Amino acid sequence: MRTPTKQSFGFYCKMLLAIAAIFTIYQVNTQAQTTQADSLAKIQADSLTARRLATGTKVGIAGLNHDHIHLILNEYRHGNVNIVGIAEPDKKLWQKFGKIYNLPDSLFFEDLKTMCLKRKPTIVLGYNAVGKHIDIVETCAPLGISVMVEKPLAATLDQAKRMEFLALKYYINLLTNYETTWYPSVQSAYNTVKTDSIGVIRKMVFHDGHQGPREIGCSEDFLSWLTDPELNGAGALNDFGCYGADMMTWLMQGQRPIAVTAIARHYKPSVYPKVEDDATIIVEYPNATGMIEASWNWPFSIKDMEIFGAKGYIHTFDQDKVQIRINNDVKEFKAPPLPVIESAPVPYFTAALKNPIKVRNDRSSLKYNMIVMQILDAAKRSIKEGKRIVL
């Protein structure tokens with residue numbers, strides 16, 4: 001028979017073991033709760049960070065059938081652009097881009113006006129057919145919403161005049177987006193010209209284009225209007241001729257040319273039956289000449305510019321590479337990067353809203369792009385009539 005002492009000792013041992021087990025369970029539960037709370041807090045913090053990255057100017061998108069749409073949607077995916085709504089009547093494009101860029105269904109609208117009224121974007125970026133740019137301005141201007149369209153401004157000069165009228169009537173910014181506007185090399189060349197390092201400009205030559213939109217794999221949705229004379233206004237002439245017209249207008253400080261002469265070629269009628277695939281445009285100024293070579297027939301993609309001055313020469317080869325030649329001194333270098341607000345459409349547009357006067361004489365400005373449209377219109381008339389068009 002056990003003694004009372006032994007029974008008491010055994011009882012106390014069991015009690016201590018039970019208390020230790022309860023304390024261990026408490027510690028494990030507390031640690032688990034803390035870990036869970038920390039994880040939840042991290043997820044919430046990450047979500048908040050993501051939302052902060054997507055704040056800023058409220059951007060609306062009009063159209064998804066321009067392949068340049070990938071550029072802005074990629075920025076959205078990385079949290080660099082605050083897209084609040086997308087207007088596109090073709091729902092199969094909703095599915096296509098929604099899947100690629102993980103876009104929520106709530107972003108999509110069939111109608112631009114409905115999207116603008118519900119989401120109230122500060123700016124609308126156009127990624128639709130050039131001949132439909134006017135529809136964006138007809139909708140957005142009365143609502144006081146500024147617009148930036150992909151180059152060129154419009155399919156025809158008449159459309160551009162209507163868009164200009166609406167922009168001025170409703171006091172909105174109407175800008176045109178060119179890829180070359182964000183090229184450090186082009187800005188570097190312009191800065192050199194401004195310092196008078198090469199003297200007065202005598203000749204400007206622009207080569208722009210690629211092997212052809214079908215050849216490089218553009219989407220069928222893009223091709224359906226890009227190769228249509230009504231929806232695009234022309235073929236390679238509008239698609240790539242606008243680049244040279246825009247940059248020479250900028251280099252010439254907005255001076256209107258005195259005459260335009262152009263020829264067009266149709267090298268691939270079986271591929272592009274409705275529009276020209278090559279155009280050469282000569283633009284005359286009182287004391288300078290510009291030549292635009294726009295083509296869907298280059299053996300490679302090209303966007304370069306040559307400026308011949310009275311004392312020197314500048315050649316931009318691509319986005320970054322620049323060559324300057326003054327007498328026998330040749331210098332090649334990589335252009336310095338552009339400031340953030342001059343390096344992409346949305347930060348540039350945001351800055352333009354704050355200081356619209358600054359962009360009145362810029363490559364994206366309505367003023368300069370009306371001159372671009374006059375050059376393109378004169379080029380088409382020159383081709384059609386077979387003569388030099390005096391402006």
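Each remark here, short or long, concerns the structure printed above.
Some words on the overall build of the chain
Line of reasoning, step 1. On a plain count of helices and strands, the chain comes out with 11 helices and 15 strands.
Line of reasoning, step 2. Split into buried and exposed, the 391 residues of the chain put 49% on the buried side.
Line of reasoning, step 3. Partitioning the contacts of the chain with sequence separation of at least 6, the portion at a separation of at least 24 is 71%.

Concerning the packing of helix α6 (residues 157–169) against helix α11 (residues 366–385)
Line of reasoning, step 1. As a packed pair, α6 and α11 sit with axes 9 Å apart at the nearest point and diverge in direction by 165 degrees. Comparing their axes, α11 and α6 come out roughly antiparallel. As for the relative orientation of α6 and α11, their crossing is left-handed in sense. For the pair α6 and α11, the contacting residues are L157, A160, K161, E164 and A167 in the first and L366, M370, M373, Q374 and D377 in the second.
Line of reasoning, step 2. Its residues assigned to classes, the contact of α6 with α11 comprises 6 nonpolar, 1 polar and 3 charged.

Focus on the sheet that holds strand β10 (residues 289–295)
Line of reasoning, step 1. What the 9 strands build is an open sheet, ordered β14-β13-β12-β11-β7-β10-β9-β8-β15; its pairing is mixed. The sheet is open, and its two edges are formed by β14 (329–334) and β15 (389–390), each paired on a single side.
Line of reasoning, step 2. Looking at chain direction, strand β9 (residues 278–284) and β10 are connected through 7 bridges and run antiparallel. What sits directly across from V283, in β10, is G290.

A word on the side chain of Q159
Line of reasoning, step 1. By the element assignment, Q159 lies in helix α6.
Line of reasoning, step 2. Using a relative accessible area of 17% as the deciding quantity, one classes Q159 as buried.
Line of reasoning, step 3. Residues in contact with Q159, not counting those within four places in the same chain, are V130, G131, I134 and A154.

Some points on unusual backbone geometry
Line of reasoning, step 1. Note the cis peptide between K151 and P152, where omega equals -15 degrees.
Line of reasoning, step 2. Tracing the sequence through the fold places P152 in the loop between β5 (146–150) and α6.
Line of reasoning, step 3. Even without glycine at this site, K120 takes up a positive phi of about 50 degrees.
Line of reasoning, step 4. Along the chain, the position of K120 falls in the loop between α4 (112–119) and β4 (123–126).
Line of reasoning, step 5. One non-glycine residue, Y171, lies in positive phi territory at about 55 degrees.
Line of reasoning, step 6. As for its placement among the helices and strands, Y171 is situated in the loop between α6 and β6 (174–177).
Line of reasoning, step 7. Note on Y171: relative accessible area 77%, which makes it exposed.

Some details on the nonpolar core
Line of reasoning, step 1. One finds L112, L153, L251 and I307 to be the most contacted residues of the largest nonpolar core, which totals 83 residues.
Line of reasoning, step 2. Look past the residues within four positions of L153 in its chain and what remains in contact with it is H133, A160, M163, L174, T176, L366, N369, M370 and M373.
Line of reasoning, step 3. Core analysis: the second largest hydrophobic core is formed by 27 residues, I61, L64, F97 and A352 among them.

Criteria and thresholds
Residues numbered from 1 in each chain as written. Predicted model: local features only at pLDDT ≥ 70, side-chain atom pairs only at ≥ 80, totals over all residues. Heavy atoms only, no water. Helix = DSSP H or I, 4+ residues; strand = E, 2+ residues; numbered from the N terminus. Buried < 20%, exposed > 50% of the residue type's maximum accessible area, 1.4 Å probe, protein only. Contact = heavy atoms within 4.5 Å. Axes fitted to C-alpha atoms, helices over the stretch in contact; angles between N-to-C directions. Parallel < 35°, antiparallel > 145°, perpendicular 65-115°, else oblique. Left-handed = near helix turned anticlockwise from the far one by under 90°. Nonpolar A, V, L, I, M, F, W, Y, C, P; charged D, E, K, R; others polar. Pairing = 2+ DSSP bridges. Core = buried A, V, L, I, M, F, W, Y, C linked by side-chain atoms within 4.5 Å.

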